[in-house]
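Observations on the three-dimensional arrangement
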Amino acid sequence: LATETEHDVVVIGAGPGGYVAAIKAAQLGLKTACIDKRGPPGGTCLNVGCIPSKSLLNNSHLYHQILHDTKKRGIEVADVKLNIEQFLKAKDDAVSSLTRGVEILFKQNKVDYFKGAGKILGPNEIEVKGNPGEPDALLKAKNIIIATGSEATPFPGLTIDEKKIVTSTGAIALEKVPKKMVVIGGGIIGLELGSVWSRLGAEVTVVEFQNAIGAGMDAEISKLTQRSLAKQGLKFKLSTKVLGAEVEGETVKVTVDAAKGGKEETLDADVVLVAIGRRPYTEDLGLDNIDLDVDERGRLVIDQEYRTKYPHIRVIGDVTFGAMLAHKAEEEGIAAVEYIKNGHGHVNYGVIPSVMYTFPEVAWVGMTEEQVKATGKPYNVGKFPFAANSRAKTNLDTEGWVKFIADKETDRILGIHILGPNAGEMIAEGALAIEYGASSEDIARTCHAHPTLAEAFKEAAMATYSKAIHF
Ligand code: FAD
Ligand code: NAI
């Protein structure tokens, strides 16, 4: 092993948490290395998560719209065909150009990037086992940032082959459209990837253990979302437990039981997608060598400044506490490095937006109505439908609502929930407003351009402390 010179910071994992931390550290003048065994940087998000799934969502939506939603717009199309090879290639091209971009950023910022598996040997020592063709190395580090991410939670008794019984990784690479797909888990992955294959023609059934979809989204929005997805053809079995699945020839037989003592039933599928959550990933990281603490869910235990029991070893992203989201990991990457360099950093965990990129999109920030109710504090709700928004009307995309929740006494915004076209872009304004401690009146008195979808946002704010104009 060639021993490299000592680095100020060694980051293990080049996902959105790790690569952003590495770039920031280098920008702040710290000698920085980053290690990832996947090879191309970008982690789960760029390689098999956020980015490929959004490519498939965008293009499957276009295809679905061309097939089903052009006549009323005065556009006659004929002979519409899906070229699945090109459909998958468009996704792969987006991924590879973005991962290449991160490698270029590493070079520009002078981050030493090691393609190989990192193993912590001691509190300041990391071994890199290089990928084929890549060198091994032994790195000395003044600071270590662990950003090793997460992996799909397996379903007990189901063997993932990534062809017939798949995680999201298999589900973004299916070479043909399944006739029937069963999705276990009505969370974000299940609904996004279920939507993709449903739009391309699969008959998709989502089996969800809870009595609502969307893994914790505002209950009212969750119901509206379910209704919307059901109209598009997705089938839902809520409060239903999957008991097991067997591959029989080309078919997977999925046995389900109604959670409240209902009847057992077998669902046939060509492909079963297991999407019941993700769990922290620390395999072969060498945690035993330094005896780091993990909690009952396998998450590395840290304090407010991302420190483990070794103050110079910090942890960020999916492998520790909090929402498993790319932008959350990125924020933590920057904050952790700022703690190292300056002794202070900042992430506001109350203002991390969530977006589900279905059609319409669902986006939210702050508290759900259920969470606000549980605080016992009085609150106001203001809502505005896209059906009453002029731009949504011209676009013929009028499904959905904007919903505000604000403190009744102070009018301070507590939560914003949107089901509707462009919700994912619109929620940025909501995040900014909550971050700045805005009232609903602050938003309603801010001039929004006409005709824009954002006027629905403004009018929902207006409806919170007063009355909307157009509804
Ligand atoms: P990861 O991105 O998981 O990166 C960790 C990296 O560490 C991996 O590349 C891994 O190879 C590497 N690694 C692990 N152990 C070692 C080791 N010992 N040595 C070297 N390298 C190692 N989030 C969003 O915000 N928006 C979305 O739209 C979105 N869509 C998603 C869609 C799907 C299908 C999935 C699965 C996830 C999605 N997510 C989305 C979640 C998002 O991908 C994660 O929250 C994010 O990637 C977490 O970043 P991270 O840096 O903590 O870890
Ligand atoms: P999730 O936590 O969003 O949803 C999992 C769902 O599976 C829950 O509704 C849960 O009740 C259900 N479930 C659990 N066990 C079950 C069982 N045995 N039978 C039936 N249902 C069961 O997890 P998901 O969808 O796997 O996503 C993992 C992570 O990836 C999430 O934390 C999410 O934030 C992130 N992600 C984010 C995206 C985005 O921001 N757009 C897109 C995709 C993933």
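Residues numbered from 1 in each chain as written. Chains lettered and ligands numbered in written order. Predicted model: local features only at pLDDT ≥ 70, side-chain atom pairs only at ≥ 80, totals over all residues. Heavy atoms only, no water.

Focus: the site of ligand 1
To be explicit about the condition: We call a residue near a molecule or strand when any one of its heavy atoms sits within 4 Å of it. Under the rule applied, a polar contact is a pair of N or O atoms within 3.5 Å (in protein, one hydrogen donor and one hydrogen acceptor; residues adjacent in sequence only if both atoms are side-chain atoms). Working definition of accessibility: Shrake-Rupley area with a 1.4 Å probe, residue cover restricted to the visible protein chains. Where helices and strands are cited, they refer to DSSP runs of H or I of at least four residues and of E of at least two residues respectively, numbered from the N terminus. Three classes are used: nonpolar for Ala, Val, Leu, Ile, Met, Phe, Trp, Tyr, Cys and Pro, charged for Asp, Glu, Lys and Arg, and polar for all others, with Gly counted as polar.
Near ligand 1, the surroundings consist of 38 residues, among which D36, T44, K54, G118 and A326 are the closest. The separation between an oxygen atom of ligand 1 and a polar main-chain atom of L325 is 3.2 Å. Taken by itself ligand 1 offers 1,000 Å² of open surface, and the protein chains cover 94% of this. Sorting the residues of the shell around ligand 1 by element identifies α1 (16-27), β2 (32-36), α2 (43-48), α3 (50-68), β3 (112-122) and α9 (326-342) as the ones contributing at least two each. Classifying every residue of the shell around ligand 1 by side-chain character gives 16 nonpolar, 16 polar and 6 charged.

Some words on the site of ligand 2
In the region of ligand 2, 21 residues are neighbours, and I189, E192, E208, G277 and V355 sit closest. One nitrogen or oxygen atom from the main chain of I188 is found 3.2 Å from an oxygen atom belonging to ligand 2. Between ligand 2 and E192, the relevant distance is 2.9 Å, taken from a nitrogen atom to a side-chain nitrogen or oxygen of the residue. For ligand 2, the accessible surface in isolation is 840 Å², of which the surrounding protein chains cover 78%. A per-class count over the shell around ligand 2 returns 13 nonpolar, 4 polar and 4 charged.

Digging into the sheet that holds strand β13 (residues 265-269)
Backbone hydrogen bonds hold the strands of a sheet together, and the pairing may be parallel or antiparallel. Counted only if it meets this: A pair of strands is considered paired only if DSSP assigns at least 2 bridges between the two. Lines are fitted to the C-alpha atoms to define the axes, a helix being fitted only along its stretch in contact, and any angle between axes, read from their N-to-C directions, falls within 0 to 180 degrees.
Taking strand neighbours across the sheet as the criterion, the 3 strands line up as β11-β12-β13 in an open arrangement whose pairing is antiparallel. At either margin of the open sheet sits one strand with a lone partner, and together these are β11 (240-248) and β13. Strand after strand, the sheet turns through a mean of 25° between neighbouring axes, direction not considered. Sheet topology note: the strand β12 (residues 251-258)/β13 ladder contains 5 bridges and is antiparallel. Paired with V256 across the bridge in β13 is E265.

Concerning the sheet that holds strand β20 (residues 401-407)
Pairing within the open sheet is antiparallel, and its 5 strands lie in the order β17-β18-β21-β20-β19. The open sheet has two free edges, formed respectively by β17 (354-356) and β19 (379-385), since each of these has just one partner strand. Sheet twist, expressed as the mean angle between neighbouring strand axes with direction ignored, is 10°. Pairing geometry for β19 and β20, over 7 bridges, is antiparallel. Among the inter-strand pairings, P385 is bridged to a residue of β20, identified as W401.

Section: the packing of aromatic side chains
Keep this limit in mind: Note on ring pairs: Phe, Tyr and Trp rings are taken, using the six-membered ring of Trp, and paired if centres are within 6.5 Å. Classes follow the plane angle, with under 30 degrees stacked, over 60 edge-to-face and the rest tilted. Each residue gets one of three labels from its accessible area relative to the maximum for its type: buried under 20%, exposed over 50%, partly exposed in between, using a 1.4 Å probe on protein chains only. Think of it as a cone above the ring: NZ of Lys or CZ of Arg counts as a charge over the ring if it is within 6 Å of the ring centre and within 35 degrees of the ring normal.
Across all of its chains, the model carries 5 aromatic pairs by this definition. Consider the rings of F384 and F471, whose centres lie 6.2 Å apart with planes at 80°: the pair is edge-to-face. Of this pair, F384 sits in strand β19 while F471 sits in the segment after α14 (454-465); the two residues are 87 residues apart in sequence, bridging distant segments of the chain. The exposure class assigned to F384 is buried, which follows from its relative accessible area of 1%. Using a relative accessible area of 58% as the deciding quantity, one classes F471 as exposed. Linked through ring pairs, F384, W401 and F471 together constitute an aromatic cluster. One Lys or Arg, K383, reaches over the ring of W401 and ends 6.0 Å from the middle of that ring.

Regarding the nonpolar core
Threshold: Note on terminology: a nonpolar core comprises buried Ala, Val, Leu, Ile, Met, Phe, Trp, Tyr and Cys residues joined through side-chain atoms within 4.5 Å. Whether two residues are in contact is decided by their heavy atoms: any pair within 4.5 Å suffices.
Judged by nonpolar contacts, the single largest core of 52 residues is most densely connected at F106, I126, L139, I145 and I146. Ignoring any residue separated from it by four or fewer positions in sequence, one finds F106 in contact with A14, Y19, A22, I23, C34, P41, V111 and Y113.

Some remarks on the state of the cysteines
Note the cut-off: When two cysteine sulfur atoms are found within 2.5 Å, that pair is recorded as a disulfide.
For the structure shown, the criterion picks out 1 disulfide. Between the sulfur of C45 and that of C50 lies a disulfide, 2.3 Å long from S to S. Note on the C45 and C50 pair: the S-S dihedral is about -130°, so by sign convention the disulfide is left-handed. Assessed through its relative accessible area of 10%, C45 is described here as buried.

Re the pattern of salt bridges
Opposite charge on two side chains lets them pair, provided their charged atoms get close. Note the following rule: Each salt bridge in this description consists of a side-chain nitrogen of Lys or Arg and a carboxyl oxygen of Asp or Glu lying within 4 Å of one another.
Applying the stated criterion across every chain, the model contains 31 salt bridges. Notably, a salt bridge pairs D112 with K31, separated by 3.5 Å at the nearest N-O pair. You can see D112 sitting in strand β3 and its partner K31 sitting in the loop between α1 and β2, a full 81 residues away along the chain. Of the residues examined, D112 reaches a relative accessible area of 29% and is grouped as partly exposed.

A short note on helix α12 (residues 423-435)
Which entries qualify depends on this criterion: Here the expected length of a helix is defined as 1.5 Å per residue gap, with one fewer gap than residues. The reported arc concerns the directions from the helix axis to the C-beta atoms and nothing else.
Taking 1.5 Å of rise per residue, 13 residues should cover 18 Å, and α12 covers 18 Å from first to last C-alpha, within 8% of that figure. Along α12, the residues that are buried comprise A423, G424, M426, I427, G430, A431, A433 and I434. For α12, the angular spread of buried residues about the axis comes to 160°, placing them on one side. Turned more than 90 degrees off the buried face of α12, the exposed positions are E425 and L432. On its buried face, α12 sits against β17, β18 (361-366), β20, β21 (413-420), α13 (440-444) and α14.

Section: unusual backbone geometry
Residue P360 follows F359 across a cis peptide bond; omega there is -10°. In this chain, H450 is followed by P451 through a cis amide linkage whose omega measures -5°. Topologically, P451 is positioned in the loop between α13 and α14. Phi is positive for D79, close to 60°, though the residue is something other than glycine. For D79, a relative accessible area of 65% puts it in the exposed group.

Brief notes about the packing of α1 against helix α4 (residues 84-108)
The line we're drawing: By the definition adopted for this analysis, an angle is roughly parallel if under 35 degrees, roughly antiparallel if over 145, roughly perpendicular if from 65 to 115, and oblique otherwise. The sense of a crossing depends on the near helix, which, turned anticlockwise from the far helix by less than a right angle, makes the crossing left-handed and, turned clockwise, makes it right-handed.
Contact geometry for α1 and α4: axes closest at 9 Å, N-to-C directions at 25°. Judged by the inter-axis angle, α1 sits roughly parallel to α4. By crossing handedness, the relation of α1 to α4 is classed as left-handed. Contacts from Y19, A22 and I23 in α1 reach V102, L105 and F106 in α4. Partitioning the contact of α1 with α4 into residue classes produces 6 nonpolar, no polar and no charged.

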